[in-house]
Amino acid sequence: AYIKQLFNMLFDYAIEFEITDRNYAREYNMKSDIAEARHHIPYTDDEMRIFWANTDDKLARFVLIQCYSGFRPSELLELKAEDVFLDQNYMIGGKKTKAGKRRIVPIHPMVKNIIPVFLAKDLPYSYPAMHERYNRFIRVHNISTEHKPHDGRKHFVTKAKKYDVNEYAVKRIV
């Protein structure tokens, strides 16, 4: 996907400077040549119980906060204590898109007590280190290996829809 984006930008540049009159990259469909990407899946109630039973584990706290906030894994890894306002029940974080940068995310009461532990006692780690720890955690606890670290975000959106959270509000949060 990143390579296609690069080619799109290169061809856009070439069109702007009249090197070519067509963006051939935009006409190419990668999905016809590669297997469909795996879709993210929400956690089951049983899997969520496993995370809740292991709140002494940094990874479980990470996933729970993600499931109740909608943060991308990388956004949660970059969350700073000065951007968390527990007394006012919101956090500021996010990246990637213009609308998603520094967005206000409400703090769900279910995770309010583990956020300070996550911020104070957990040393930050890199995305690859988190991914490795995530894979180890789901194997040890017999959680489906179909899950990926981004699934907490999918879980948040799925639950929000289930409980009729306003669609506009969900978009603003995630």
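Reading the values: the criteria
- Residues numbered from 1 in each chain as written.
- Predicted model: local features only at pLDDT ≥ 70, side-chain atom pairs only at ≥ 80, totals over all residues.
- Heavy atoms only, no water.
- Helix = DSSP H or I, 4+ residues; strand = E, 2+ residues; numbered from the N terminus.
- Buried < 20%, exposed > 50% of the residue type's maximum accessible area, 1.4 Å probe, protein only.
- Contact = heavy atoms within 4.5 Å.
- Areas by Shrake-Rupley, 256 points an atom, 1.4 Å probe, with all protein chains shown as cover.
- Lys, Arg positive; Asp, Glu negative; His and termini not counted.
- Charge placed at Lys NZ, Arg CZ, Asp CG, Glu CD.
- Pairing = 2+ DSSP bridges.
- Salt bridge = Lys/Arg side-chain N within 4 Å of Asp/Glu carboxyl O.
- Axes fitted to C-alpha atoms, helices over the stretch in contact; angles between N-to-C directions.
- Left-handed = near helix turned anticlockwise from the far one by under 90°.
- Nonpolar A, V, L, I, M, F, W, Y, C, P; charged D, E, K, R; others polar.
- Expected span 1.5 Å × (residues − 1).
- Arc of directions from axis to C-beta.
- Core = buried A, V, L, I, M, F, W, Y, C linked by side-chain atoms within 4.5 Å.

K.L.:
Would you explain the overall build of the chain in this entry?
P.N.:
Helix and strand counts for the chain come out as nine helices and three strands. Listed N to C, the secondary structure of the chain is α-α-α-α-α-β-β-β-α-α-α-α in terms of helices and strands. Considering only C-alpha atoms, the chain reaches an extent of 60 × 35 × 35 Å along its principal axes. Buried positions account for 36% of the 174 residues belonging to the chain. When contacts within the chain are restricted to residue pairs at least 6 apart in sequence, those whose partners lie at least 24 apart make up 53%. Within the structure as shown, the chain displays about 11300 Å² of accessible surface, and the carbon and sulfur contribution to it stands at 56%. One way to put it: in the chain the 29 positive side-chain charges average out to a point 3 Å from where the 23 negative ones average out.

K.L.:
So what exactly am I meant to see when it comes to the pairing of strand E3 (residues 103-106) here?
P.N.:
If a strand is regular, its side chains alternate between the two faces of the sheet. Burial along E3 is one-sided: Arg103 and Val105 are buried, and none of Ile104 and Pro106, which face the opposite way, are. In this structure, strand E2 (residues 90-93) lies alongside E3, joined through four bridges in antiparallel fashion. Bridged to tyrosine 90 within E3 is proline 106.

K.L.:
What is the right way to look at the pattern of salt bridges in this model?
P.N.:
Two side chains carrying opposite charge are able to pair once their charged atoms lie near each other. Under the counting rule described, the total for this entry stands at nine salt bridges. Residues joined by salt bridges that share partners form a network here, namely Arg72, Glu75 and Arg103.

K.L.:
Before we go on, may I ask you to explain the packing of helix H4 (residues 58-69) against helix H8 (residues 151-162) in this structure?
P.N.:
Geometry of a packed helix pair, given as the angle between the helix axes and the separation of the axes. Contact geometry for H4 and H8: axes closest at 6 Å, N-to-C directions at 40 degrees. Here the hand of the crossing between H4 and H8 comes out right-handed. Judged by residue contacts, Gln66, Cys67, Tyr68 and Ser69 of H4 engage Gly152, Arg153, His155 and Phe156 from H8. Its residues assigned to classes, the contact of H4 with H8 shows three nonpolar, four polar and one charged.

K.L.:
Mind showing me how you'd approach helix H7 (residues 127-140) here?
P.N.:
Think of an α-helix as turning once every 3.6 residues; residues three or four places apart then point the same way. With 14 residues, H7 ought to run about 20 Å at 1.5 Å a step, and its terminal C-alpha atoms sit 20 Å apart, in line with that. Every buried residue of H7 is accounted for by Met130, Tyr134, Phe137 and Ile138. Projected down its long axis, H7 carries its buried residues within an arc of 90 degrees, all on one side. Counted as exposed and oriented over 90 degrees from the buried face of H7: Pro128, Glu132, Arg139 and Val140. The inward-facing, buried residues of H7 abut helix H3 (45-53), H4 and helix H5 (73-77). Positive phi appears at asparagine 142, one or two residues downstream of H7, with a value of about 55 degrees.

K.L.:
Can you help me understand the side chain of glutamine 66 in this one?
P.N.:
Here glutamine 66 shows up in helix H4. Setting aside its immediate chain neighbours within four residues, glutamine 66 contacts Phe71, Arg72, Pro73, Leu76, Pro149, His150, Gly152, Arg153 and Phe156.

K.L.:
What should I look at first to understand the sheet that holds strand E1 (residues 84-85) in this one?
P.N.:
In spatial order, the strands read E1-E2-E3; together these three strands make up an open sheet with antiparallel pairing. Looking at which strands have only one partner, the edges of the open sheet turn out to be E1 and E3. Of the pairings in the sheet, the one linking E1 to E2 comprises two bridges and is antiparallel in character. Opposite phenylalanine 85, over in E2, you have tyrosine 90 as the bridge partner.

K.L.:
Looking at this structure, I do not really get the nonpolar core. What am I missing?
P.N.:
If you look at the biggest cluster of nonpolar residues, it comprises 35 residues, and the most contacted ones within it are Phe51, Leu59, Val63 and Met91. Counting residues per element, the ones that place at least two in this core are H3, H4, H5, helix H6 (114-121), H7, H8 and helix H9 (167-173). Examining the composition of this core, we find that eight residues originate from one element, H4, more than from any other. Non-local contacts of leucine 59, meaning those with residues more than four positions away in its chain, are made with Phe51, Tyr125, Met130, Arg133, Tyr134 and Phe137.

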